[in-house]
Amino acid sequence: MGLFEYIVKSTSGVYKDNAENRRLHRVGLQYGQKKQQESVPDINRKDLELAEAKVKKMLVVKQNFDDVSQAVCQEVGCIVSPTNIKKPVRIAQKMASDGSTIDEIKDVMRNTFVVNSDGDVSKVIEVISKHYKVVRVKHQTPDKFAGYSGNIVNVKLPNGEIGEMQVNTPQMIFGKEVERDARMILGDGLWERLKANAGNLIPGLGHRMYEVLRDDSIDGERLDIVERNSRIYYDRIRKISL
């Protein structure tokens, strides 16, 4: 079974009959994607109203966010994705699922800067800090994120709201994002160039593996296999030439 088929199989299924699953009394029970789809959290009206208000505040400063992003790219020499603002219903679902308050959700409005190499990340962050107060920088390192690496920069916007700017390389985006999203961030030309140089690597498997790894209904043996393959996958993704 190839990695792609294994990951797809991992996203839903039935717990097999083994010692651990018998101990946990879950043999024959459903796990994974189907279970997640059946348990989409209900949202309450108050959370939805808070989310709608948050989106309106983001729309007020979106043009400023876009203008600053373009200025950063002009100074550093990089590209930036279109700005994405979450839909209120998705925000409210997140509040319901993990107990977040509206102000704890920092990625209501975000974009992604694409740099030539990891060495350019600090340059982008330095230039961002000339325009906005940087309130948090999170470096996602391969040892802690199953091989994935990325950078999250949260900034204080002119109206006091918090926006998110991610910074990453073309290779990481090509490996993490599904084709539609990766093309939107990278552009068709760059995506096609990466695909041509990727050999037999399947693009966009990263997020599939992430979804499996964060699903606590999947047994430990399967999670270990997916995490190991995630590290191998991203290591190969990094080596794609441009």
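This section reports on the structure supplied with the text. Keep in mind the model is a prediction, meaning the values are calculated, not measured.

In terms of regular secondary structure, the protein is built from eleven helices and eight strands. Residues classed as buried in the protein amount to 43% of the 242 residues present. Of the roughly 13100 Å² of accessible surface on the protein, a fraction of 48% belongs to carbon and sulfur atoms.

The next thing to look at is unusual backbone geometry. Most peptide bonds are trans, and most residues other than glycine sit at a negative phi. Backbone geometry at Ala146 places phi at a positive 55°, although glycine is not the residue there. You can call Ala146 buried: its relative accessible area is 8%.

In terms of burial, strand β5 (residues 109-114) is a largely internal element, five of the six residues being buried. In this structure, strand β3 (residues 79-80) lies alongside β5, joined through two bridges in antiparallel fashion. Opposite Ile79, over in β5, you have Val114 as the bridge partner. Note that strand β4 (residues 84-85) and β5 share two bridges and pair antiparallel. Paired with Asn84 across the two strands is Arg110, which belongs to β5.

To continue, consider the packing of helix α8 (residues 179-186) against helix α9 (residues 188-197). Look at α8 against α9: their axes get within 6 Å of each other, and the N-to-C directions meet at 120°. Taken together, the axes of α8 and α9 lie oblique to each other. Mapping the contact onto sequence places Glu179, Ala182, Arg183 and Leu186 in α8 and Asp188, Leu190, Trp191, Glu192 and Leu194 in α9. Taken together, the residues of the contact of α8 with α9 break down into five nonpolar, no polar and four charged.

Bringing the side chain of Glu161 into the picture now. Relative to the assigned elements, Glu161 resides in the loop between β7 (150-156) and β8 (162-168). Among all residues touching Glu161, those that are not within four sequence positions of it are Lys54, Lys57, Met58, Val155 and Lys156.

In this section: the nonpolar core. Ile91, Phe113, Val124, Ile128, Val155, Leu157 and Met165 are the most contacted members of the largest nonpolar core, which has 30 residues in total. At the level of secondary structure, the elements contributing two or more residues to this core comprise α4 (45-76), α5 (88-98), β5, α6 (121-131), β7 and β8. Element by element, the count of residues in this core is highest for α4, at eight residues.

What the rule picks out here adds up to 18 salt bridges. Through salt bridges with shared partners, one network takes in Lys54, Lys57, Asp103 and Glu161.

Here the focus is the state of the cysteines. Applying the stated criterion across every chain yields a total of zero disulfides. With no disulfide of its own, Cys73 lies 3.4 Å from the sulfur of Cys78, the closest cysteine sulfur.

Scanning the model with the defined rule gives three aromatic pairs in all. Measuring from centroid to centroid gives 5.6 Å for Phe174 and Trp191, while their planes differ by 55°, and the two rings are tilted. Placement of Phe174 in helix α7 (residues 170-176) and of Trp191 in helix α9 is noted, with a sequence separation of 17 residues between them. When the centroid spacing of 5.6 Å and the interplanar angle of 65° are considered together, the rings of Tyr233 and Tyr234 count as edge-to-face. On the basis of relative accessible area, Tyr234 is assigned to the buried category, the value being 3%. Each residue in the set Tyr148, Tyr233 and Tyr234 is aromatic and connected to the rest through ring pairs, giving one cluster.

Basis of the calculations
Residues numbered from 1 in each chain as written. Predicted model: local features only at pLDDT ≥ 70, side-chain atom pairs only at ≥ 80, totals over all residues. Heavy atoms only, no water. Helix = DSSP H or I, 4+ residues; strand = E, 2+ residues; numbered from the N terminus. Buried < 20%, exposed > 50% of the residue type's maximum accessible area, 1.4 Å probe, protein only. Areas by Shrake-Rupley, 256 points an atom, 1.4 Å probe, with all protein chains shown as cover. Pairing = 2+ DSSP bridges. Axes fitted to C-alpha atoms, helices over the stretch in contact; angles between N-to-C directions. Parallel < 35°, antiparallel > 145°, perpendicular 65-115°, else oblique. Contact = heavy atoms within 4.5 Å. Nonpolar A, V, L, I, M, F, W, Y, C, P; charged D, E, K, R; others polar. Core = buried A, V, L, I, M, F, W, Y, C linked by side-chain atoms within 4.5 Å. Salt bridge = Lys/Arg side-chain N within 4 Å of Asp/Glu carboxyl O. Disulfide = S-S within 2.5 Å. Phe/Tyr/Trp six-rings, centres within 6.5 Å; stacked < 30°, edge-to-face > 60°.

Read these as geometric descriptors, not functional statements.
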